[in-house]
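Architecture at a glance
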Amino acid sequence: MGADKAFLEFGGRTLLDRAIEVVSEVCDGVAIVGDPAKFASHGAVVPDLYPGCGPLAGIHAALRHSLADLNLVMAVDMPYVSPELLGFLFKTAAETSAIVVVPRTARGFQPLCAVYRRAFATPAEAALKAGKYKIDPLFARVAVRIAEEAELARAGFSESMFFNVNTPDDLRTAKP
(Lines give C-alpha, C1' and ligand atoms only; values in the text may rest on other atoms or scores of the structure.)
Protein backbone atom coordinates (compact mmCIF):
# COMPACT_ATOMS: atom_id res chain seq x y z
CA MET A 1 0.00 0.00 0.00
CA GLY A 2 2.92 2.36 0.59
CA ALA A 3 1.33 3.51 3.87
CA ASP A 4 0.03 2.01 7.09
CA LYS A 5 -3.49 0.85 6.24
CA ALA A 6 -4.76 1.84 9.68
CA PHE A 7 -4.26 5.51 8.87
CA LEU A 8 -5.74 5.49 5.36
CA GLU A 9 -8.79 7.70 4.98
CA PHE A 10 -12.11 6.08 4.14
CA GLY A 11 -15.35 8.05 4.22
CA GLY A 12 -13.83 11.02 6.02
CA ARG A 13 -12.03 9.11 8.77
CA THR A 14 -9.21 6.61 9.05
CA LEU A 15 -9.81 2.90 8.74
CA LEU A 16 -8.57 2.60 12.33
CA ASP A 17 -11.05 5.15 13.67
CA ARG A 18 -13.87 3.43 11.80
CA ALA A 19 -12.87 -0.02 13.11
CA ILE A 20 -12.69 1.26 16.70
CA GLU A 21 -16.13 2.84 16.35
CA VAL A 22 -17.74 -0.30 14.93
CA VAL A 23 -16.14 -2.64 17.47
CA SER A 24 -17.01 -0.28 20.34
CA GLU A 25 -20.69 -0.67 19.50
CA VAL A 26 -20.60 -4.35 20.49
CA CYS A 27 -17.63 -4.67 22.88
CA ASP A 28 -17.06 -3.23 26.33
CA GLY A 29 -13.33 -2.91 25.77
CA VAL A 30 -11.33 -2.36 22.61
CA ALA A 31 -7.60 -2.87 22.25
CA ILE A 32 -5.39 -2.41 19.23
CA VAL A 33 -2.67 -4.96 18.60
CA GLY A 34 0.42 -3.25 17.25
CA ASP A 35 3.22 -0.85 17.98
CA PRO A 36 2.38 1.14 21.13
CA ALA A 37 4.37 4.15 19.88
CA LYS A 38 2.29 4.27 16.70
CA PHE A 39 -1.16 3.69 18.19
CA ALA A 40 -0.96 5.09 21.75
CA SER A 41 -3.20 8.06 20.93
CA HIS A 42 -6.02 5.68 19.94
CA GLY A 43 -6.50 3.89 23.26
CA ALA A 44 -5.29 0.60 24.69
CA VAL A 45 -2.50 -0.96 22.66
CA VAL A 46 -1.22 -4.52 23.00
CA PRO A 47 2.23 -5.22 21.51
CA ASP A 48 2.84 -8.39 19.51
CA LEU A 49 4.60 -11.03 21.58
CA TYR A 50 5.85 -12.54 18.30
CA PRO A 51 6.58 -9.47 16.14
CA GLY A 52 6.69 -9.93 12.39
CA CYS A 53 4.76 -13.19 12.47
CA GLY A 54 1.55 -11.93 10.88
CA PRO A 55 -2.09 -11.90 11.96
CA LEU A 56 -1.83 -15.10 14.01
CA ALA A 57 0.66 -13.32 16.27
CA GLY A 58 -1.82 -10.46 16.65
CA ILE A 59 -4.61 -12.83 17.62
CA HIS A 60 -2.30 -14.55 20.09
CA ALA A 61 -1.23 -11.24 21.68
CA ALA A 62 -4.85 -10.09 21.98
CA LEU A 63 -5.93 -13.34 23.64
CA ARG A 64 -2.98 -13.37 26.06
CA HIS A 65 -3.82 -9.78 27.04
CA SER A 66 -7.57 -10.24 27.38
CA LEU A 67 -9.44 -11.13 30.53
CA ALA A 68 -12.62 -11.97 28.61
CA ASP A 69 -13.42 -15.49 27.44
CA LEU A 70 -15.00 -14.36 24.16
CA ASN A 71 -12.85 -12.02 22.08
CA LEU A 72 -13.74 -10.37 18.82
CA VAL A 73 -10.86 -10.07 16.38
CA MET A 74 -11.30 -7.70 13.47
CA ALA A 75 -8.76 -6.50 10.94
CA VAL A 76 -8.51 -2.74 10.51
CA ASP A 77 -8.78 -3.02 6.72
CA MET A 78 -12.40 -4.26 6.58
CA PRO A 79 -14.41 -1.07 6.06
CA TYR A 80 -17.80 -2.72 5.43
CA VAL A 81 -18.08 -4.77 8.61
CA SER A 82 -21.13 -3.64 10.56
CA PRO A 83 -21.93 -3.68 14.28
CA GLU A 84 -24.85 -5.96 13.41
CA LEU A 85 -22.51 -8.56 11.88
CA LEU A 86 -20.24 -8.40 14.92
CA GLY A 87 -23.23 -8.75 17.23
CA PHE A 88 -24.38 -11.78 15.24
CA LEU A 89 -20.95 -13.40 15.66
CA PHE A 90 -20.93 -12.70 19.41
CA LYS A 91 -24.44 -14.10 19.82
CA THR A 92 -23.44 -17.20 17.89
CA ALA A 93 -20.31 -17.59 20.04
CA ALA A 94 -22.33 -17.26 23.24
CA GLU A 95 -24.58 -20.11 22.10
CA THR A 96 -21.74 -22.60 21.58
CA SER A 97 -18.75 -23.97 23.43
CA ALA A 98 -16.63 -23.78 20.27
CA ILE A 99 -13.22 -22.19 20.65
CA VAL A 100 -13.66 -20.19 17.43
CA VAL A 101 -16.70 -18.80 15.63
CA VAL A 102 -15.60 -17.92 12.13
CA PRO A 103 -17.51 -16.87 9.01
CA ARG A 104 -16.85 -18.74 5.77
CA THR A 105 -17.73 -17.24 2.42
CA ALA A 106 -17.03 -18.30 -1.16
CA ARG A 107 -13.55 -16.81 -0.61
CA GLY A 108 -12.93 -19.07 2.40
CA PHE A 109 -12.64 -18.52 6.12
CA GLN A 110 -12.69 -14.96 7.43
CA PRO A 111 -10.44 -15.41 10.49
CA LEU A 112 -9.85 -11.68 10.88
CA CYS A 113 -13.51 -11.06 11.58
CA ALA A 114 -14.22 -13.82 14.07
CA VAL A 115 -14.75 -14.53 17.76
CA TYR A 116 -12.05 -16.46 19.62
CA ARG A 117 -12.11 -17.88 23.11
CA ARG A 118 -8.97 -17.20 25.15
CA ALA A 119 -8.17 -20.92 24.95
CA PHE A 120 -7.17 -20.41 21.29
CA ALA A 121 -4.00 -18.69 22.55
CA THR A 122 -2.44 -22.07 23.42
CA PRO A 123 -2.56 -23.66 19.94
CA ALA A 124 -1.71 -20.26 18.42
CA GLU A 125 1.42 -20.03 20.55
CA ALA A 126 2.47 -23.59 19.68
CA ALA A 127 2.11 -22.78 15.98
CA LEU A 128 4.05 -19.52 16.32
CA LYS A 129 6.88 -21.28 18.17
CA ALA A 130 6.98 -23.86 15.35
CA GLY A 131 7.24 -21.11 12.74
CA LYS A 132 3.74 -21.76 11.38
CA TYR A 133 1.90 -18.48 10.92
CA LYS A 134 -1.28 -19.46 9.06
CA ILE A 135 -4.51 -19.23 11.04
CA ASP A 136 -6.83 -21.57 9.10
CA PRO A 137 -4.84 -24.79 9.72
CA LEU A 138 -5.33 -24.31 13.46
CA PHE A 139 -9.08 -24.67 13.03
CA ALA A 140 -8.56 -28.44 12.62
CA ARG A 141 -7.09 -28.54 16.15
CA VAL A 142 -9.95 -26.88 18.04
CA ALA A 143 -13.74 -26.90 18.13
CA VAL A 144 -14.94 -24.45 15.49
CA ARG A 145 -18.41 -23.12 14.79
CA ILE A 146 -18.50 -22.03 11.17
CA ALA A 147 -21.00 -19.38 10.12
CA GLU A 148 -21.48 -20.47 6.52
CA GLU A 149 -22.28 -18.02 3.75
CA ALA A 150 -25.92 -19.21 3.49
CA GLU A 151 -26.43 -18.69 7.23
CA LEU A 152 -24.86 -15.24 6.99
CA ALA A 153 -27.14 -14.38 4.04
CA ARG A 154 -30.25 -15.52 5.97
CA ALA A 155 -29.18 -13.18 8.78
CA GLY A 156 -28.86 -10.31 6.28
CA PHE A 157 -25.08 -10.26 5.74
CA SER A 158 -23.29 -10.49 2.42
CA GLU A 159 -19.82 -11.58 1.43
CA SER A 160 -19.05 -7.96 0.49
CA MET A 161 -18.92 -7.10 4.22
CA PHE A 162 -15.62 -8.98 4.40
CA PHE A 163 -13.95 -6.88 1.69
CA ASN A 164 -10.32 -6.01 2.55
CA VAL A 165 -8.48 -2.88 1.48
CA ASN A 166 -5.21 -4.45 0.35
CA THR A 167 -4.14 -2.27 -2.57
CA PRO A 168 -4.40 1.37 -3.66
CA ASP A 169 -6.95 0.19 -6.26
CA ASP A 170 -9.05 -1.40 -3.50
CA LEU A 171 -9.08 1.90 -1.66
CA ARG A 172 -10.01 3.87 -4.79
CA THR A 173 -12.88 1.55 -5.74
CA ALA A 174 -14.25 1.13 -2.22
CA LYS A 175 -17.30 3.24 -1.53
CA PRO A 176 -17.92 4.62 1.98
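For the structure, see preceding data.
All of the points below concern the structure found in this document. Predicted model only: the values in this text are computed from it and were never measured.

It is worth spelling out the packing of aromatic side chains at this point. Aromatic ring pairs are defined here through the distance separating the ring centres and the angle between the ring planes. Counting across every chain of the model gives seven aromatic pairs. Aromatic pair phenylalanine 109 and phenylalanine 139: ring centres 5.1 Å apart, planes at 80 degrees, arrangement edge-to-face. Linking phenylalanine 109 in strand S7 (residues 108–109) with phenylalanine 139 in the loop between helix H5 (121–129) and strand S9 (144–148), this pair joins segments that are 30 residues apart in sequence. Ring geometry for tyrosine 116 against phenylalanine 120: centres 4.9 Å apart, planes inclined by 50 degrees, an arrangement best described as tilted. Exposure class is identical for tyrosine 116 and phenylalanine 120. Each is buried. An aromatic cluster of at least three residues, connected via ring pairs, comprises Phe109, Tyr116, Phe120 and Phe139.

Moving on: the pattern of salt bridges. Tallying each qualifying case throughout the model produces 11 salt bridges. The residue aspartate 77 makes a salt bridge to lysine 5 at a minimum N-O spacing of 2.6 Å. Of this pair, aspartate 77 sits in the loop between strand S5 (70–74) and helix H4 (83–94) while lysine 5 sits in the segment before strand S1 (9–10), and the two are 72 residues apart along the sequence. What makes lysine 5 partly exposed here is its relative accessible area of 23%. Among the salt bridges present, the one from arginine 117 reaches aspartate 69, with a minimum N-O distance of 2.4 Å. Here aspartate 69 lies in the loop between helix H3 (55–65) and S5 and arginine 117 lies in strand S8 (residues 113–117), a separation of 48 residues in the sequence. We classify arginine 117 as buried; its relative accessible area is 12%. You can call aspartate 69 partly exposed: its relative accessible area is 40%. Because the salt bridges share partners, they merge into one network encompassing Arg64, Glu125 and Lys129.

Rules behind the numbers
Residues numbered from 1 in each chain as written. Predicted model: local features only at pLDDT ≥ 70, side-chain atom pairs only at ≥ 80, totals over all residues. Heavy atoms only, no water. Phe/Tyr/Trp six-rings, centres within 6.5 Å; stacked < 30°, edge-to-face > 60°. Helix = DSSP H or I, 4+ residues; strand = E, 2+ residues; numbered from the N terminus. Buried < 20%, exposed > 50% of the residue type's maximum accessible area, 1.4 Å probe, protein only. Salt bridge = Lys/Arg side-chain N within 4 Å of Asp/Glu carboxyl O.

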